[in-house]
Structures are given as C-alpha cells and as structure tokens.
Amino acid sequence: MKKLPLLMLAALTGGTLLANQGDRPRLIPGTERPGGSLSNPLDQARDLSGRSVKTRRVRAIHSLDDRLPGTTGWLVKHDPWLAYQRGRELTLREFSVGEGAFGEAGKLAGKSLDDQCTRMGTRDEVNNCATCHNTPWRDMGMGAIIAKNGGNGRRTPHLFGGGEIEMIGEDIRRQLLSEADHDHQGWISRSEARGAAQVQSSPGHVLSFGSFAIGPNGRPALNSIVYVWYVDRDGHRIPWARSMQDEGVAGYNFKVDVFGFGQRDQVGQGGLGSTLRAVTANAWDVHSGLQACDPTMNEEPRRDGLARVSLAGAQQFYTGATRDVGEVMGSDGVSLEDPDRDGVPEEISEGDLDLAEFYLLNHPAPAERHSTAFARGLAIARQVGCLSCHTPDWRLPEDRRFFHLDVAERHSELEGTLRPTQPGPFTVHGVYSDFRQHDLGLAFHQMQYDGSTLTHFRTTPLWGVGSQNCFGHDGASLDLDSVIRRHGGEAAQVTARYERLSDRGRDDLVDFLRGLVVYDTETLPTDLRADGKIANHFVVAGVDTGREVFNPEWLFRHPVRIEGWVTAPDGRRILSRAATNLDAAYGVHLPGLQCISGTGFPDALQRTAVQGSAP
C-alpha cells in the first residue's frame, strides 16, 4: 500500500492527527480516562472507578542507567512500581490508527508453514493485548481462541507468573550448557556433542531433554522445545547452516522456547518464544500492526546468536529481532523505517519494551484454592502419573523479580502478602509443567493450513487451569474430564489409569485442577506492609481507600491520591478512585516522560536533536 501523507491519513482516520508541529503530527488524546468527578467530561474523559489507562501515549526512553529521570533505567531503580504500572498500561492501552495500529490489517503474515509459502495467520486483528488476554480483565489473563496455523485455532493462554516461566527457560539452558559445554566456550562443539541432555527441575527430579548427539539428519537429538542454530569454530552463527553436515559448521548453540504451545518451526526461522520481550514485540507486530525498533534484540554483538541482555536482566537472542531495525534514523534517534508504511514511525520504542517486559517479569503467579478434595486429587494425579510430565515445582538459582506476591486461601477467600524478593535460590511452586514437547496422540494432532500436521506440543503449565472454560492448545475440550480423556500417545497409559479410577477418584482429581486458579490482582485483599493484617480502611496520601488491596498505585514513589467519597450523577454517594495528583504520581513531567508537544514522543528527544547528544 502506498504511504499516505500524514494529513490525508488524519482525514481517513477521523482526525486522529492534527497539523504538523516540527517533524511530527500532534496526537489527539485517545482512550485515556484521567478525569474525576469535577472534570468537565467534554474536555476530560472521566473514570471514577480509577481502573482505566490514565496517561496519554508517550513512548518511553530506554536507558541502562538512572541519569535522566523518567527513562526506563531511572524508573526501574527509583520508582519500580511506576515502571511496573506503566508497563501494565501498555498491555491495556487501546492503540489508535494515529498511534500506528492496523497498518496491514487482514494481510496474511507470520512465519511460513512447511510448504515454505503459506502463512500462519493474518495481521492486525486487535488494537490492544487485553482484547484476547482478558480473563481476568486487566491482568493479561486467558481469553479468546484466535486463528493461527490452522483452521482449529489456538487458545489464548494467561501470562500470570510469566517471569517465573522465563526464568525456568533460562535455567534449562544454563543446565544444558553446563552438562555439555566442557570447554566453557558458550556453545557445543562436535567433540562435546554426545551424551544425554538432562535437567534437574527440583532436588532428585531429573528430566530428559533428549541427547546432545547428532542424529542421522545431522542435527542434535534434543527435545524440539530446544531451538538450535549452527556456529563456526569461532562460535559465530552461520545464518545459512541447517545441520552439522553443512560446510564450516563446528558446533551448535541454542535457546529454550518455554512460551507458546510448542508448534514445529522450520530450522532457521527463529523458533518460538524464549523471552517475554520477544513474545511481546512479535505479538504487537502481528496482532496489532505495531512494529518495535529494539536495539536490545536487534544487535548481535559477537555474531554468536546472542543479542543483548535486557534492562530486566534477560538474555535476548537473534531470533527476536524486530522488523524495524532502525536502518533510517531521524536526528533525534527515532527510527523512520516504518515497515508497514502507515506513516507512524517507531510505533513501539525500546523503552516501551523495557517497561512491558518489566511488568510481565513481575506479574504475580496463579494461586491454589484448597478444597477438601484438593489434597486427595493431587495424590491421585501423582499416583496415575500425571506429574511425570506436569512437573509441580522448579528450583531456580536466582530471582530477577523485585517483589513476590504470596497468595493463599484464608477465611474462605484468596488473600495476598507482598514481600520483597530475597537473594539466592528459590522455588517456583505449583507450575505443573516439564516444558518439554510431547506427542499426545491423534486427538491432539493439528492439521495446518498447508496440510502438514503438528504432532508435538509443549506440556501446558497447569497453574490457573481451574479458571479456564476451554482446554487444550485449540480450546476444543470444554471440560477438564474431556481434556484428560483426550490424552493419548505418550500419555495413553496415564489416561487409561485415570479411566480406571472410581467416580470419586476422578472427581477428586478434577477438583484438584479446579483449585489451580488466577484472580483479579487489583481487588485481591493484600497485606501490602507485610505486618500480618489486611486493613479495612487503608489510608493512602491521607485518603481512606477502603480495604487494603494489591493496587500498584498505592506503592508509587508519589502514591496516587484518590478523590474519596463524592456524589455521582445519579445522586448516590460513591468512593471515587479517580486520581487527584495524576501528573506527580505517574511522572508525567519527568524529563524522560514529558510530552508537552503532544506528538507521542518525549520532548527530551526533540532537545537531543538540537543539542546533538544522547539522553
């Protein structure tokens, strides 16, 4: 499609863009609702519930240090809860056409299937993450079945505990490398490519990830969740190599794709999601038409397949490189490449990905509701063999999160206790996955659009399964009993033992699964001070906010001050949670976030262009 002039685009999109100011158009405020009971709703959209996105769209400035207030490095160090909330807002924000959404709507896109031509899906079907990740609302929960790979579709999973899953993937890679990389070069040479690939999930619990040895096809016989690329004798990635038999190949390196359902990928196309950052950037591009320009993932300093380490501490890989690689840069350092030719530059910034990744890294994990049958059902799951693949716990060497939310059932309801992360090893409890790919038989096989068939899928983590209403990678099973009976292939013997259980035994096992739940974080009663009690009248900034709950806004460097009790238009007295100190609380006037120009880019970038120095 021919690139439209910005003013013509404004006319076609209902006036989203105003006349040019400098190099960029001014954006009209979109779906944000910052107003309170005293705001004129004609000028400022109201939300007395306080749960809408409040701040105008301003791209975040990436920084690894804290010299400029408001940059991502500064926020993570000095106001981590604001960094968390701003990252969360990015998953909730409804992006407009003027902000770059829907540049290639309806275009067949994504990676190619086995015929090397047919595409996995179509682009630009939603304008925010929460359209699909919507149960519970505002928490990147589970949701709709979307069109992907084939006519059966794919179920949208939840991202509760996403950071812990990412760290499990990091640890699997670390253990596999330590098992085979005897010369500590960071990759596996021909002479090292032998022996079993084993990982310890918890003390005494060893899982096989195949073999490091090279198979008849010239590739290592590793579980297909491990995505391999090939390197020369200096450890440099050989982009065209497809096996150890190719000329110049001296060994291989790899990553572990713990996200996604684990569908097969052609060698050389990048595998699936191994990091939160890569998954997020790809989802924004494919599903919303928002391309990121991200040097963190686009730069490969040593040409070895490893990109940079993100601000949140996660090693990135070359496979996460974004479509916008910044080949054409403006004087202020903003990419003008615009891959979808919609007239909007750098739709997602490197700083935006910093914040979204930081939020998802720290997203609380699911919880357990212990009914009288829960313990019996867990014992039965172990007895029949479910836990041979649905591994309950993982012991990890370190925790990159900045907080831990301990959620347990007390007084017949879920309650949380907020605790800072402790240094050293920790255990991820109750994730229930070995993160390997398995063949579960014909009932799980999925024909793709091109006629090829997917047979292996990653063991889905069971935490949160009790809050779902459809099951399996395709959502085709509508109750837990059905999806258990659907297991065949490698799980056929386990399914047979389940079917031989008494009615009560099967009911107990299903009750155990129903007890693995997610929750609405913002209304979760939570002991924020870790003082052993949950206040019924929690005072923040001098105002009674009601019951003490897990609301990140109460924990900002400048906590949000709400309006309190007001009279609504229908005459009732209500507790308004609209912010009265929005600018101070959300850092609107911090140099790294301030956008008086209204272009959607921080004013600091404009000053940088004039001064000729980086922020």
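All values reported here derive from a predicted model rather than from experimental measurement. (Residues numbered from 1 in each chain as written. Predicted model: local features only at pLDDT ≥ 70, side-chain atom pairs only at ≥ 80, totals over all residues. Heavy atoms only, no water.)

Participant: What should I look at first to understand the pairing of strand β29 (residues 573-579) in this one?
Facilitator: Along any regular strand the residues' side chains alternate between the sheet's two faces. Looking at chain direction, strand β28 (residues 562-567) and β29 are connected through five bridges and run antiparallel. The residue bridging T567 from the neighbouring strand is R573, located in β29. (Pairing = 2+ DSSP bridges. Helix = DSSP H or I, 4+ residues; strand = E, 2+ residues; numbered from the N terminus.)

Participant: Explain helix α4 (residues 162-180) here, please?
Facilitator: At 3.6 residues per turn, the α-helix brings residues three or four places apart onto the same side. Here α4 is 19 residues long and its end C-alpha atoms lie 28 Å apart, about the 27 Å a rise of 1.5 Å per residue gives. With 15 of 19 residues buried, α4 lies mostly within the body of the structure. (Expected span 1.5 Å × (residues − 1). Buried < 20%, exposed > 50% of the residue type's maximum accessible area, 1.4 Å probe, protein only.)

Participant: Would you take a moment to explain the nonpolar core for this structure?
Facilitator: Inside soluble globular proteins, nonpolar side chains tend to come together where they are buried. Counting 93 residues, the largest nonpolar core has I172, L176, F209, Y252, F254, W284 and W394 as its most contacted members. When neighbours within four sequence positions are excluded, W284 is seen to be in contact with L90, F95, C129, G289, L290, I348, L353 and A356. By size, the runner-up hydrophobic cluster in this structure holds 24 residues, among which are F374, A381, F444 and A491. (Core = buried A, V, L, I, M, F, W, Y, C linked by side-chain atoms within 4.5 Å. Contact = heavy atoms within 4.5 Å.)

Participant: Is there a simple way to explain the packing of helix α3 (residues 80-92) against helix α7 (residues 350-362) in this structure?
Facilitator: A pair of packed helices can be characterised by two numbers: the angle between their axes and the separation between those axes. In the contact formed by α3 and α7, the axes pass within 7 Å of each other and the chain directions differ by 100°. On the basis of their axis angle, the class for α3 and α7 is roughly perpendicular. Taking contact as the criterion, the partners of P80, A83, Y84, R86, G87, R88, L90 and T91 in α3 are, on α7, D352, L355, A356, F358, Y359 and N362. In terms of residue class, the contact of α3 with α7 is built from eight nonpolar, three polar and three charged. (Axes fitted to C-alpha atoms, helices over the stretch in contact; angles between N-to-C directions. Parallel < 35°, antiparallel > 145°, perpendicular 65-115°, else oblique. Nonpolar A, V, L, I, M, F, W, Y, C, P; charged D, E, K, R; others polar.)

Participant: Help me understand the sheet that holds strand β18 (residues 413-420) in this model?
Facilitator: With mixed pairing, three strands are arranged side by side in an open sheet as β17-β18-β25. Looking along the sheet, the strands with just one partner apiece sit at the ends: β17 (403-410) and β25 (526-527). By the bridge criterion, eight bridges tie β17 to β18 in an arrangement that is antiparallel. Paired with F403 across the strands is P420, a residue of β18.

Participant: How should the environment of N581 be read in this particular structure?
Facilitator: Mapping N581 onto the fold places it in the loop between β29 and α12 (582-585). Spatially, the C-alpha atoms of N581 and V249 are 60 Å apart, while their sequence positions differ by 332 residues. Residues in contact with N581, not counting those within four places in the same chain, are H558, P559, V560 and R561.

Participant: Looking at this structure, I do not really get the sheet that holds strand β8 (residues 196-202). What am I missing?
Facilitator: In a beta sheet, neighbouring strands are held together by backbone hydrogen bonds and run either parallel or antiparallel to one another. A sheet is described by the order of its strands in space; here three strands give the open sequence β8-β9-β10, paired in antiparallel fashion. Edge positions in the sheet fall to β8 and β10 (220-222), since each of these pairs with one other strand and no more. The mean inter-strand angle of the sheet, taken between neighbouring strand axes irrespective of direction, is 20°. Contacts from α4 reach β8 and β9 (205-214) within the one sheet, and its direction differs from that of β8 by about 135°.

Participant: Quick question: what am I supposed to make of the packing of aromatic side chains here?
Facilitator: What describes a pair of aromatic rings is the distance from one ring centre to the other and the angle between the planes of the rings. Scanning the entire structure with this criterion turns up 17 aromatic pairs. Taken together, a centroid distance of 5.4 Å and an interplanar angle of 85° make the contact between W229 and Y318 edge-to-face. In this pair, W229 is assigned in strand β11 (residues 226-231) and Y318 in the loop between β14 (315-317) and α7, connecting sequence segments 89 residues apart. Accessibility assignment for this pair places W229 and Y318 in one class, buried. Where F358 meets F402, the ring centres are 5.4 Å apart and the plane angle is 10°; that geometry is what we call stacked. (Phe/Tyr/Trp six-rings, centres within 6.5 Å; stacked < 30°, edge-to-face > 60°.)

Participant: Is there a simple way to explain the side chain of R154 in this structure?
Facilitator: Here R154 is to be found in strand β6 (residues 150-155). For R154, which is buried and forms no salt bridge, the nearest opposite charge comes from D474, at a distance of 7.4 Å. Separated by 3.0 Å, the side chains of R154 and Q446 make a polar contact. (Lys, Arg positive; Asp, Glu negative; His and termini not counted. Salt bridge = Lys/Arg side-chain N within 4 Å of Asp/Glu carboxyl O. Polar contact = N/O pair within 3.5 Å; in protein donor to acceptor, adjacent residues only side chain to side chain.)

Participant: In this structure, what is going on with the pattern of salt bridges? I would like to understand it.
Facilitator: Across all of its chains, the model carries 41 salt bridges by this definition. One salt bridge connects R88 with D139, and the closest N-O pair in it is separated by 3.8 Å. Taken together, the residues span a long stretch of sequence, with R88 in helix α3 and D139 in the loop between β4 (119-122) and β5 (145-148) at a distance of 51 residues. For the residue pair R88 and D139, the accessibility class agrees, reading buried in each case. Among the charged side chains, a network of salt bridges with common partners joins R51, R88, R138, D139, D520 and E522.

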